[in-house]
Amino acid sequence: MKLKQYVSKYGVRLAIVIVIVALITLAVTNVLNGRAGLLKNADGALKSPVQKAATALLDWVEGIYGYLYEYDRLVEENEHLRAENAELREANRNYSELEAENERLRTLFGWAQKRTDLVLESAKIVAWDASNYTSAFTIGKGERSGIALGDCVVTEYGALVGQVIELGSDWATIRTIIDVDMDVGALVGEDRYAGVITGEFSLMKQGLTRITYLSSGAHIFQRDEVLTSGKGGSFPAGLLIGEVSTVMTESGGQVTYGIVTPTCDVSRLSQVFIIKDFEIVE
């Protein structure tokens, strides 16, 4: 048993015993002081070591209790400092998140000045879909904020994130650009060949998608830019989707489709912006 535990358990009893011994010692000393003759010499020989022993015992007890008091004080102080440290870390995280959000809004402001045709709504991601067969997340805003089914979702720099597919009064589910069920009209390369962004399961697991249904005679190359075409009215034209990372061709050299690396890394998202309205350009 550790000393602190022993003293905590038996300390009161021990102190009582020591006090009793000390009192007996003092009583014996006083009696001896009142005797004469041979007992006086015996008293002198006995009194000094007994008094010293009693004093040492009392000092020892005082030291132990002093140690325990100081130990408890330090433990309490340590707990207080630990709590303060946790609060400071939390405040620092909140500050960092606020600073990151302000930076996103500043970036959005710069981009939105170029796209005055868009009506935007900021929203935080509150949950990700747990399924391995889809890529979707939930935001903490819905119909009450003017969001509608089919609305397009972008990042602060205008990169396409996905589309609203489910809606509640205060929430909405967003299907991302890499989801297997995603379809977006697109333009690719300098000559703006038409195509369609369609998800594929094996690519989704890698954070990629593909552009297929390319117009006849399309020539696309690695690093070609892919933009939304605006056809169909669901997505504004000119939103950045990503770039071609691999070109897939048939044996005769005809391009079949291109693998696209999205500009938006969906795995790193925490805040998105919903395009609630825009001008449709035919």
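Being a predicted model, the structure only gives us computed values, none of them experimental.

A. A look at the overall build of the chain. Within the chain, the regular secondary structure consists of three helices and twelve strands. Looking at the chain residue by residue over its 282 residues, the buried ones come to 33%. Relative to all contacts within the chain whose residues are 6 or more apart in sequence, the contacts with residues 24 or more apart total 57%. Element-wise, carbon and sulfur atoms account for 54% of the exposed surface of the chain, whose accessible area totals about 17000 Å².

B. A look at unusual backbone geometry. Positive phi outside glycine occurs at arginine 192, with the angle close to 55 degrees. One can find arginine 192 in the loop between strand S6 (183–188) and strand S7 (193–198). Despite not being glycine, arginine 223 shows a phi value in the positive range, around 75 degrees.

C. Looking closely at the environment of glycine 150. Structurally, glycine 150 is set in the loop between strand S2 (136–139) and strand S3 (152–154). The spacing of glycine 150 and isoleucine 165 is 15 residues in sequence and 6.1 Å in space, taken between C-alpha atoms. Apart from the residues lying within four places of it in its own chain, the contact partners of glycine 150 are Gln163, Val164 and Ser234.

D. Broad picture of the environment of threonine 155. Tracing the backbone through its elements, the reader meets threonine 155 in the loop between S3 and strand S4 (160–167). We classify threonine 155 as buried; its relative accessible area is 1%. Between the C-alpha atom of threonine 155 and that of valine 272, which follows or precedes it by 117 residues, the distance is 5.3 Å. Setting aside its immediate chain neighbours within four residues, threonine 155 contacts Val161, Cys264, Leu269 and Phe273.

E. View of the sheet that holds strand S5 (residues 172–176). One closed barrel accounts for six strands, arranged S1-S2-S5-S4-S3-S12; its pairing is antiparallel. Neighbour-to-neighbour, the strand axes of the sheet open up by a mean angle of 45 degrees, direction not taken into account. In the sheet, strand S1 (residues 119–128) pairs with S2 via three bridges, with the strands oriented antiparallel. Following the sheet pairing, tryptophan 128 is matched in S2 by phenylalanine 137.

F. Main features of the pairing of S6. The alternating pattern of S6 places Val184, Ala186 and Val188 on a buried face, while none of Asp183, Gly185 and Leu187, on the opposite face, is buried. Relative to S7, S6 runs antiparallel, the two being bridged by six bridges. In the sheet register, valine 188 faces S7, and the bridge partner there is tyrosine 193. As consecutive antiparallel partners, S6 and S7 are separated by four residues, and within that stretch glycine 189 has a phi angle of approximately 80 degrees, a positive value. Note that S6 and strand S9 (residues 225–228) share three bridges and pair antiparallel. Each bridged residue has a counterpart across the sheet, and for alanine 186 the counterpart in S9 is threonine 228.

Quick notes on the rules
- Residues numbered from 1 in each chain as written.
- Predicted model: local features only at pLDDT ≥ 70, side-chain atom pairs only at ≥ 80, totals over all residues.
- Heavy atoms only, no water.
- Helix = DSSP H or I, 4+ residues; strand = E, 2+ residues; numbered from the N terminus.
- Buried < 20%, exposed > 50% of the residue type's maximum accessible area, 1.4 Å probe, protein only.
- Contact = heavy atoms within 4.5 Å.
- Areas by Shrake-Rupley, 256 points an atom, 1.4 Å probe, with all protein chains shown as cover.
- Pairing = 2+ DSSP bridges.
- Axes fitted to C-alpha atoms, helices over the stretch in contact; angles between N-to-C directions.

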